[in-house]
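Observations on the three-dimensional arrangement
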Amino acid sequence: MLTIHQARKPDTPRHGRIGLAIAGGGPVGAIYELGALRALEESVEGLRLHDLDVYVGISAGGVIAASLANRIPAAEMCRIFMGHPGAEFALEPDKLLKPAYREYLNRAARIPGILLDALTSMARHPMDASVSRLMGALGQALPTGIFENDALHDFLRSAFESSGRTNDFRELRRRLIIVAVELDNGAAVRFGAPDRDHVPISRAVQASAALPGLYPPVEIDGQYYVDGALRRTLNASAALDQGVDLLLAINPLVPFAAGQDPAAPAVPVRRLIRGGLPLVLSQTFRALIQSRMNIGFRNYRESHPGTDFVLVEPDQGDEEIFFTNIFSFASRTALCDHAYRVTKDNLRRRADEIESVLARHGMHLDRDVLEQRDKSLADSLGEAFHGHSPVSRQLGQALEDLECALRKRA
């Protein structure tokens, strides 16, 4: 699904700044985003997603935004997340699901003190004593997260500190902003902004992806931070504040709507409730996110009338995205390929409309690529592969830079 908002002066050619805002969505969202980004990059002549001006990422989208800002192409990230043998880095998903044993032990160690305080309070105020008060006190002993999230920080730090990349916001060629929420006051914080650019990129991404209940809050400079999606869906204003002329946005979090896809078989009305608490919470969270983002985009049209917007989202009736099993390797691969194909289909259906927007920024759609309807993501990744040795990667990057420079000169 594409949402396109043209600037109020669409006839004015603008070859200015381009920004990319990527929302969260957990592992499923990240896989969708990678497939969609690869489709965009392949289908739009002149678009190099790892060489834009501004990147904004939240939660899982922060992982992708930080990687693109470090000039890791979308195609390479697809290989990494899908476990491709030619990938530059080996991602082990099991490490992201390691129980937070340290958090468990720290909380367990507090139980005697919590019980003592609770019993002392009950003894002093017997009229106020109740089971609910005791249970409330014991809630302090519950872990703040099920899984450890240091593995994400370690993986990103290793990736960004190799092959001439950087884990320092200040050393990037482009502006990168990672959004998290400060736990003690609920405020959205932009890591990478001038007053918060000393924090390692990998640590900022870890904080932005610390979804409460699943991962413990992340401590940075004495403060604790959690998932940035709690306050912002895309935080596109962070890119707009940098003066971008074209904003591309990817949001995988749309509520599922049975019956919206006429090509799909009818979904039983009670399927969501049968999925239990995870699907009910997912649908609720997605509905809140979608409503909040729609309001934000309407405001952006008024506050930034000279900026073009292109928003890429899944179709609301897309079962494959909502009901996929991300813990299955085959499901991850199929979902990424599905997102790639669906995004190309949407671009093809609205080619004339989006072409008029892209032309103002020196880009255009490759109609031949869009008409390759049987082409898979695997085919696309094979074409974009330069090899995984440092020399091969650097040579491939140099060739891309040269091609881009020649195209601009022409």
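Summarised in this report is the structure supplied together with it. Because the structure is a prediction, the values reported are computed rather than measured.

The next thing to look at is the overall build of the protein chain. Helices and strands together make up the secondary structure of the protein chain, namely 17 helices and 11 strands. Per-residue burial over the protein chain gives 49% buried out of 410 residues. Taking the intrachain contacts of the protein chain between residues at least 6 apart in sequence as the baseline, contacts between residues at least 24 apart amount to 77%. For the protein chain, the exposed area adds up to about 19500 Å²; of that, 56% sits on carbon and sulfur atoms.

Turning to unusual backbone geometry, a few remarks are in order. Glycine aside, the phi torsion of most residues is negative, and most peptide linkages are trans. Despite not being glycine, arginine 71 shows a phi value in the positive range, around 65°. Its place among the elements puts arginine 71 in the loop between α2 (60-69) and α3 (74-81). On the accessibility criterion, arginine 71 (14% relative accessible area) is buried.

Reported here for the largest pocket is a volume of approximately 1600 Å³. If you go around the largest pocket, you meet 45 residues; those closest to its centre are Gly25, Gly26, Pro27, Leu211 and Leu214. Among the elements of the structure, α1 (26-43), α2, α7 (150-160), α11 (276-303) and α12 (319-322) are those that each provide at least two residues to the lining of the largest pocket. Element by element, the count of residues in the lining of the largest pocket is highest for α11, at seven residues. For the lining of the largest pocket, the per-class residue count stands at 32 nonpolar, nine polar and four charged.

With that out of the way, let us pick up the packing of aromatic side chains. Enumeration according to the criterion identifies four aromatic pairs in this entry. Between the aromatic rings of phenylalanine 89 and phenylalanine 155, the centroid separation amounts to 6.4 Å while the plane-to-plane angle is 80°, which identifies the pairing as edge-to-face. With phenylalanine 89 in the loop between α3 and α4 (101-109) and phenylalanine 155 in helix α7, the pair connects residues that are 66 residues apart, well separated along the chain. Its relative accessible area of 22% is what places phenylalanine 155 among the partly exposed residues. On the basis of an interplanar angle of 70° and a centroid distance of 5.2 Å, the ring pair of phenylalanine 191 and tyrosine 225 is categorised as edge-to-face. Here phenylalanine 191 is found in strand β6 (residues 188-191), whereas its partner tyrosine 225 is found in strand β8 (residues 223-227), with 34 residues between them in sequence. With respect to burial, phenylalanine 191 and tyrosine 225 carry one shared label: buried.

We now examine the nonpolar core. Core analysis: the largest hydrophobic core is formed by 78 residues, its most contacted members being Leu20, Leu37, Leu68, Leu176 and Phe191. When residues of this core are assigned to their parent elements, the largest contribution, nine residues, is made by α1. The contact partners of leucine 20, leaving out residues within four places of it in the chain, are Leu37, Leu49, Leu52, Val54, Tyr55, Val56, Leu68, Leu247, Leu248 and Ile250.

Within the structure shown, the criterion is met by four cavities of 30 Å³ or more. Computed from the structure, the largest cavity encloses a volume of approximately 70 Å³. Residue lining of the largest cavity: Val63, Ser67, Ile72, Met77, Ile80, Phe81, Phe89, Phe155, Leu156, Ala159 and Phe160, and that is the complete set. Only α2, α3 and α7 provide two or more residues apiece to the lining of the largest cavity.

Our next topic: the pattern of salt bridges. One pass over the full model with this rule turns up 22 salt bridges. Measuring nitrogen to oxygen at the nearest pair gives 3.2 Å for the salt bridge that ties aspartate 241 to arginine 190. Taken together, the residues span a long stretch of sequence, with aspartate 241 in the loop between α9 (236-240) and β9 (246-250) and arginine 190 in strand β6 at a distance of 51 residues. Note that aspartate 352 and arginine 367 form a salt bridge whose closest N and O atoms lie 3.2 Å from each other. With aspartate 352 in helix α14 (residues 351-359) and arginine 367 in helix α15 (residues 367-370), the pair connects residues that are 15 residues apart, well separated along the chain. A residue is classified by how much of its surface remains accessible, and aspartate 352, at 61% relative accessible area, is exposed. We classify arginine 367 as partly exposed; its relative accessible area is 36%.

Taken across its 10 residues, α2 has 10 buried, putting it largely inside the fold. Taken together, the buried positions of α2 are Ala60, Gly61, Gly62, Val63, Ile64, Ala65, Ala66, Ser67, Leu68 and Ala69. Two residues or fewer after α2 comes arginine 71, characterised by a positive phi angle close to 65°.

Parameters and conventions
- Residues numbered from 1 in each chain as written.
- Predicted model: local features only at pLDDT ≥ 70, side-chain atom pairs only at ≥ 80, totals over all residues.
- Heavy atoms only, no water.
- Helix = DSSP H or I, 4+ residues; strand = E, 2+ residues; numbered from the N terminus.
- Buried < 20%, exposed > 50% of the residue type's maximum accessible area, 1.4 Å probe, protein only.
- Contact = heavy atoms within 4.5 Å.
- Areas by Shrake-Rupley, 256 points an atom, 1.4 Å probe, with all protein chains shown as cover.
- 1 Å grid on protein atoms, 1.4 Å probe; cavity = no way out; pocket = protein on both sides within 12 Å on 5 of 7 lines; lining within 4 Å.
- Points joined across faces, edges and corners; volume = space filled by probe spheres on them.
- Nonpolar A, V, L, I, M, F, W, Y, C, P; charged D, E, K, R; others polar.
- Phe/Tyr/Trp six-rings, centres within 6.5 Å; stacked < 30°, edge-to-face > 60°.
- Core = buried A, V, L, I, M, F, W, Y, C linked by side-chain atoms within 4.5 Å.
- Salt bridge = Lys/Arg side-chain N within 4 Å of Asp/Glu carboxyl O.

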